[in-house]
Each structure stands twice: as structure tokens, then as C-alpha cells.
Amino acid sequence: MLEVHDVRRVLSTTDPDERPDRPLPEIAFVGRSNVGKSSLLNTLFRRKRLAGTSKTPGKTRSLDYYDVGGGYFVDLPGYGYAAVPDSVRERWGPMMERYLGDNPRLAGVVSLVDGRHDPTRLDRRMVAWLAGEGLPTLVVLTKADKVGRGRRRGRMAESAEQLGLDPDQMVWFSAKTREGRDAIFTALRRLLESSER
Ligand code: GTP
Ligand code: MG
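None of these values were measured; they are calculated from a predicted model.

Chemist: Which parts of the structure should I look at to understand the site of ligand 1?
Modeler: Around ligand 1, the surrounding shell holds 22 residues, and the nearest of these are Lys 37, Ser 39, Gly 58, Asp 145 and Ala 175. Within the contact set of ligand 1, an oxygen atom lies 2.9 Å away from a backbone nitrogen or oxygen of Gly 36. A distance of 2.7 Å separates a nitrogen atom of ligand 1 from a polar atom in the side chain of Asp 145. With the chains in place, 88% of the 660 Å² that ligand 1 exposes on its own is no longer accessible. Split into classes, the residues belonging to the shell around ligand 1 amount to three nonpolar, 11 polar and eight charged.

Below you can see the structure in the form of C-alpha cells.
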């Protein structure tokens, strides 16, 4: 049962084959560097600073596992930011390929896309790859507080089309206003529960 009462980071590693001891289902958070992955996790956990966040891209550099009771939420390093140091960028591909591509514990993925802009080429590649793997995916459009209500529907429809998704698979989210938090939480709880059986 998903429980965010007393969430702890149980493992922080750059080795994609290393896993927490208890074999529980995992939900991974992927997206461009600076898109707001760690901020979403903090909002889900109702904690301000459990997952480190930064204005500067490339903050999360390891696979960070958070114990949420019935499973783990895994905060991942972001992709696609030129300003990220070479050492981090070069490690990203092989690390993600191994973690996402060869992980029987992976129950699903939250794919974050900046809601202000069109999805990037790498966003499209990631979403297509997840679909090809048949991994349950929830696409979260971030920074909703910066997109006026009047623009929301059109932006979501455009992003959905560019990603080849149904808008039903997407949800707006803001770490600033917490809009979308409960809908995402409920979707992830269902995902974890269905993978426990
Ligand atoms: P990496 O760890 O570098 O991959 O980035 P990340 O995806 O974990 O992003 P992070 O959560 O560190 O957020 C990046 C920046 O965006 C920070 O300055 C956050 O405060 C800001 N940010 C994140 N979510 C939101 C949001 O919903 N609204 C606004 N206005 N800013 C946000
Ligand atoms: Mg981060």
C-alpha cells in the first residue's frame, strides 16, 4: 500500500544493477533535466527538500530510491541538457538503458514533459521507447502554474499529438500550487497495487 507518511531514501547509486534489498515494484520518474522530477517527488511526499532540487540542470546524478511502503519511487538523472557536465551526460545513456530496459521490478514510469513548450525530440523518443516496451506510462505536463488556464487544453492536445498519446494519458502538474498532485498520487497507488498481485 502506497504510504507517504514517513518516506525515506533507502538507496542512492550510480550502478543500475544495484537494488534495495526488499524486492518491491518500482515506479521511475524520467524527463529532461530541470523539468521538475525531484520537485514532483517532494510534492507527492509532502516534503519540501527530501529529493534535492536546483535551478541548475543536472542536480540528480544518481538513481535515488524512495521507500513508499508497497514499492519504491525512483528519482533519475535528467536527459538532454547541454550544460550538464560531460561525465554525467555520457553515463546517462548506458545507465538508463540498463535500468529501464532490463528491470523486471519496473511497474511503470512517470514521464515528465515541460508543459510550457512542445515536447523535445528526446521526450518523444523516450515516450515512444516506453510504449514499445509496453511499460505503463503516465505523462505529466509540469510547471502548470506558468501556463494560463486558457492555454491548457490546446497545449495538452498539441503535446499529446506530438507524443502520439491520448490526452487521457496526461495530467497537468505544478509543484508550486500542487495542482495535479492527488490525481497523480491516485494513479500511482493503483499502479503499485495492480503490480503487487
Ligand atoms: P535534474 O535533477 O537536473 O534532472 O532536474 P529535475 O527534473 O529533478 O528538476 P527539479 O525538481 O530540480 O526542478 C528544476 C527547477 O524547476 C527548480 O528550480 C524548481 O524549483 C523548478 N520547478 C520544478 N517544478 C516546478 C513547477 O511546477 N513550477 C515552477 N514554476 N517551477 C518548478
Ligand atoms: Mg532531480
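After that view, the rundown keeps rolling.
Chemist: I keep staring at helix 2 (residues 86–101) and nothing clicks. Help me out?
Modeler: Structural remark: α-helix, 3.6 residues per turn; residues separated by three or four positions point the same way. Between its first and last C-alpha, helix 2 extends 23 Å over 16 residues, near the 22 Å set by a 1.5 Å rise per residue. Trp 92 marks the point of greatest bend in helix 2, at about 35 degrees, and the proline Pro 94 comes within the next four residues. Among the residues of helix 2, those classed as buried are Val 88, Trp 92, Met 95, Met 96, Tyr 99 and Leu 100. Against strand 2 (26–31), strand 3 (63–67), strand 4 (72–75), strand 5 (106–114) and helix 3 (121–133) lie the buried residues of helix 2.

Chemist: Where do I start with the side chain of Asp 75 in this structure?
Modeler: Looking at the element boundaries, Asp 75 is found in strand 4. Buried and without a salt bridge, Asp 75 has Lys 37 as its closest oppositely charged side chain, separated by 5.9 Å. At a separation of 2.6 Å, a polar atom in the side chain of Asp 75 contacts the side chain of Ser 38. Beyond its immediate stretch of four places on either side in the chain, Asp 75 contacts Lys 37, Ser 38, Leu 41, Ala 51, Thr 60, Ser 62, Leu 63, Asp 64 and Tyr 66.

Chemist: I tried to follow the coordination of the magnesium ion (ligand 2) on my own but got confused; where do I start?
Modeler: Six octahedral donors at a metal ideally form angles of 90 or 180 degrees, and four tetrahedral donors ideally form angles of 109.5 degrees. The magnesium ion (ligand 2) binds to the protein through Ser 38 (OG) and Thr 60 (OG1), with metal-donor distances spanning 2.1 to 2.2 Å. Placement of the pair is Ser 38 in helix 1 (residues 37–45) and Thr 60 in the loop between helix 1 and strand 3, with a sequence separation of 22 residues. An identical accessibility class is assigned to Ser 38 and Thr 60; each is buried.

Chemist: Just to check I follow, could you spell out the sheet that holds strand 6 (residues 137–142) for this structure?
Modeler: What holds strands together in a sheet is hydrogen bonding between their backbones, with the strands either parallel or antiparallel. Sheet architecture is open: seven strands sit in the order 1-3-4-2-5-6-7, paired in mixed fashion. Strands at the two margins of the open sheet, each flanked by one partner only, are strand 1 (8–13) and strand 7 (170–172). In this sheet, neighbouring strand axes are inclined to one another by 25 degrees on average, regardless of whether the strands run parallel or antiparallel. Summarising the sheet, strand 6 and strand 7 pair through three bridges and their orientation is parallel.

Chemist: How do you make sense of the pattern of salt bridges when you look at a structure like this?
Modeler: A side chain of one charge can pair with a side chain of the opposite charge if their charged atoms are brought near each other. Under the criterion given, the structure shown has 10 salt bridges. For Glu 179, the salt bridge is made with Arg 152, and the minimal N-O distance between the two is 2.7 Å. Within this pair, whereas Glu 179 is found in the loop between strand 7 and helix 5 (181–196), its partner Arg 152 is found in helix 4 (residues 149–163), the two being separated by 27 residues in sequence. Look at Arg 152 and you get buried, because its relative accessible area is 10%. A salt bridge links Arg 181 to Asp 182, with the nearest nitrogen and oxygen atoms 3.1 Å apart. Its relative accessible area of 5% is what places Arg 181 among the buried residues. It is possible to trace a salt-bridge network through shared partners that takes in Asp 17, Arg 98 and Asp 102.

What counts as what
- Residues numbered from 1 in each chain as written.
- Chains lettered and ligands numbered in written order.
- Predicted model: local features only at pLDDT ≥ 70, side-chain atom pairs only at ≥ 80, totals over all residues.
- Heavy atoms only, no water.
- Near = heavy atom within 4 Å.
- Polar contact = N/O pair within 3.5 Å; in protein donor to acceptor, adjacent residues only side chain to side chain.
- Areas by Shrake-Rupley, 256 points an atom, 1.4 Å probe, with all protein chains shown as cover.
- Nonpolar A, V, L, I, M, F, W, Y, C, P; charged D, E, K, R; others polar.
- Helix = DSSP H or I, 4+ residues; strand = E, 2+ residues; numbered from the N terminus.
- Expected span 1.5 Å × (residues − 1).
- Bend = angle between axes of the 7 residues up to and from the residue.
- Buried < 20%, exposed > 50% of the residue type's maximum accessible area, 1.4 Å probe, protein only.
- Contact = heavy atoms within 4.5 Å.
- Lys, Arg positive; Asp, Glu negative; His and termini not counted.
- Salt bridge = Lys/Arg side-chain N within 4 Å of Asp/Glu carboxyl O.
- Donors = N, O, S within 2.8 Å, 3.2 Å for Na, K, Ca; no water.
- Pairing = 2+ DSSP bridges.
- Axes fitted to C-alpha atoms, helices over the stretch in contact; angles between N-to-C directions.

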